[in-house]
Amino acid sequence: MIVLGIETSCDETSASVVKDFKVLSNVVKTQSIHIEYGGVVPDLASKDHEKKILNVVNASLKEANICLSDIDAVAVTYGSGLLGSLIVGLNFAKGLCVGLNIPLIGVSHLVGHLSSSFINKEILYPHLSLIVSGGHTQIWLVKSSHQYSVIANTVDDAAGEAFDKGARILGLSYPGGPEIEKKSKDGNPNKYIFTIPEVKQNPLNFSFSGLKTALLYKKKELDTLKEYHLSDLAASYQHAIVKTLLVKLERAITQYKINNITIVGGVSANLYFRELAKSLEQKYDLRIVFPDMEYCTDNAAMIAMAGYLQLKDKQYSDLTIEANPNIVYN
Ligand code: KG4
Ligand code: ZN
């Protein structure tokens, strides 16, 4: 079975071909037009997707060495994301499905991230998945390709957002995660202690907005004392974000007694995070799977893989499916 995946939810125009669990191609064009604005400009993003989508899809078919008639289904991100950008990918996918008379599979962006761990790895059900992206921080209990429930959520910022906002405070560029990780390499993660934020109503939930404020005050204090050292502060802040994620994950593991774990989404590319997560593996006899690096941040291979898993379970979408910028996951 061959699935074409399309992802245009934010600032990556991406297309991928997956055949029987194997990624045959994954073309990702990241838009550079937003750099001068320090964040993604929605209008510019959708126009750029329109300009690039045909070439990106053609390139993915060529790289996979297949033609349109070989495709069994098209999987596409229908939400969450930027409305205009989602519409470009969704309409393109619908056109292909009508033209080729094949099923359409609408994939939510988070189910896409969830499915990235299936690329080149064997993942069992049920498992817990910690999804850490720029817009979401959640733990899901995953029972099958289409049965899941959200068991933990952030009450304010997402982990990726904490990296991005923290980077801005430290004078680093966007996206902040990789920048903070780079600066942290020569820093001492235990130099400054940030308190792990707790959410009273639910000990599994995350909160990151207080950490960002604590970082701001710490930087001001160190500036005044002329003791500011970027690497140490970046490393300590990164440590606090990672510890927060792992403390909550540890609680979920104890509560749900599940030892198959995946950690996915942009922040899962962080090597310090991966290293600290490994220590949980020994402590609880777990199997923690991180996606291969290239599938952590947004890409269409994860959407194609989600589509492939759903196609196997005969989970198709109606052609009337609409773009949904704010999917509520629960
Ligand atoms: O999953 P993703 O590519 O897009 C969303 O769905 O949001 O995640 C992007 C987020 C950004 O906040 C970025 O700063 C963060 O992932 N990120 C990282 C790293 N690479 C990307 N955070 C920490 N360390 C990294 N190496
Ligand atoms: Zn994403």
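Residues numbered from 1 in each chain as written. Chains lettered and ligands numbered in written order. Predicted model: local features only at pLDDT ≥ 70, side-chain atom pairs only at ≥ 80, totals over all residues. Heavy atoms only, no water.

Visitor: For this particular structure, what's the right way to read the pattern of salt bridges?
Guide: When the charged atoms of two side chains with opposite charge come close together, those side chains can pair. Applying the stated criterion to the full structure yields 13 salt bridges. Lys-182 is paired through a salt bridge with Glu-179; the nearest N and O atoms lie 3.3 Å apart. In this pair, Lys-182 and Glu-179 are both assigned in helix 5 (residues 176-184), three residues apart and thus about one turn of the helix distant. Glu-179 gets classed as buried once you look at its relative accessible area, which sits at 18%. (Salt bridge = Lys/Arg side-chain N within 4 Å of Asp/Glu carboxyl O. Helix = DSSP H or I, 4+ residues; strand = E, 2+ residues; numbered from the N terminus. Buried < 20%, exposed > 50% of the residue type's maximum accessible area, 1.4 Å probe, protein only.)

Visitor: Can you walk me through the domain arrangement of the chain in this structure?
Guide: By a widely used convention, the size of an interface equals the accessible area lost when the partners come together. Here the chain is partitioned into domain 1 (2-115 + 295-312) and domain 2 (124-291). Across the boundary between the two partners, domain 1 contributes twelve residues, which contact 18 residues of domain 2. A per-residue breakdown of the area domain 1 buries against domain 2 is headed by Leu-110, Leu-114 and Cys-296, which together make up 50% of the total. The interface formed by domain 1 and domain 2 contains zero salt bridges. Linking domain 1 to domain 2 there are one residue pair in polar contact (both at pLDDT 80 or more). For the side of domain 1 that touches domain 2, the secondary-structure elements that each account for two or more residues are helix 3 (109-116) and helix 9 (300-312). With four residues, helix 3 is the single largest residue contributor to the side of domain 1 that touches domain 2. (Domains from an automatic or database assignment. Contact = heavy atoms within 4.5 Å. Buried area = accessible area lost by both parts, 1.4 Å probe. Polar contact = N/O pair within 3.5 Å; in protein donor to acceptor, adjacent residues only side chain to side chain.)

Visitor: Explain the packing of helix 1 (residues 42-64) against helix 2 (residues 83-100) to me, please; I cannot follow it from the model alone.
Guide: Helix-helix packing: each pair is described by the crossing angle between the helix axes and the interaxial distance. Running from N to C, helix 1 and helix 2 cross one another at 25°; their axes reach a closest spacing of 8 Å. Relative to helix 2, the element helix 1 lies roughly parallel. Every pair of crossing elements has a handedness; the one defined by helix 1 and helix 2 is right-handed. Contact residues: helix 1 offers Pro-42, Ala-45, Ser-46, His-49, Glu-50, Ile-53, Leu-54 and Val-57, while helix 2 offers Gly-84, Ser-85, Val-88, Gly-89 and Phe-92. For the contact of helix 1 with helix 2, the class distribution of residues is seven nonpolar, five polar and one charged. (Axes fitted to C-alpha atoms, helices over the stretch in contact; angles between N-to-C directions. Parallel < 35°, antiparallel > 145°, perpendicular 65-115°, else oblique. Left-handed = near helix turned anticlockwise from the far one by under 90°. Nonpolar A, V, L, I, M, F, W, Y, C, P; charged D, E, K, R; others polar.)

Visitor: How should the pairing of strand 9 (residues 260-264) be read in this particular structure?
Guide: Both faces of the sheet carry side chains from a regular strand, because those side chains alternate between them. Of all five residues that make up strand 9, five are buried, and the element is covered over most of its length. Residues of strand 9 alternate between two faces, with Asn-260, Thr-262 and Val-264 on one and Ile-261 and Ile-263 on the opposite face, all of them buried. In this structure, strand 6 (residues 127-132) lies alongside strand 9, joined through four bridges in parallel fashion. Following the sheet pairing, Ser-129 is matched in strand 9 by Thr-262. Sheet analysis places strand 9 next to strand 10 (residues 287-289), joined by three bridges and oriented parallel. Bridging across to strand 10, Asn-260 finds its partner in Arg-287. The parallel pair strand 9 and strand 10 is bridged by helix 8 (residues 271-284), and the resulting crossover is right-handed. (Pairing = 2+ DSSP bridges. Right-handed = clockwise from strand over helix to strand, strands pointing away.)

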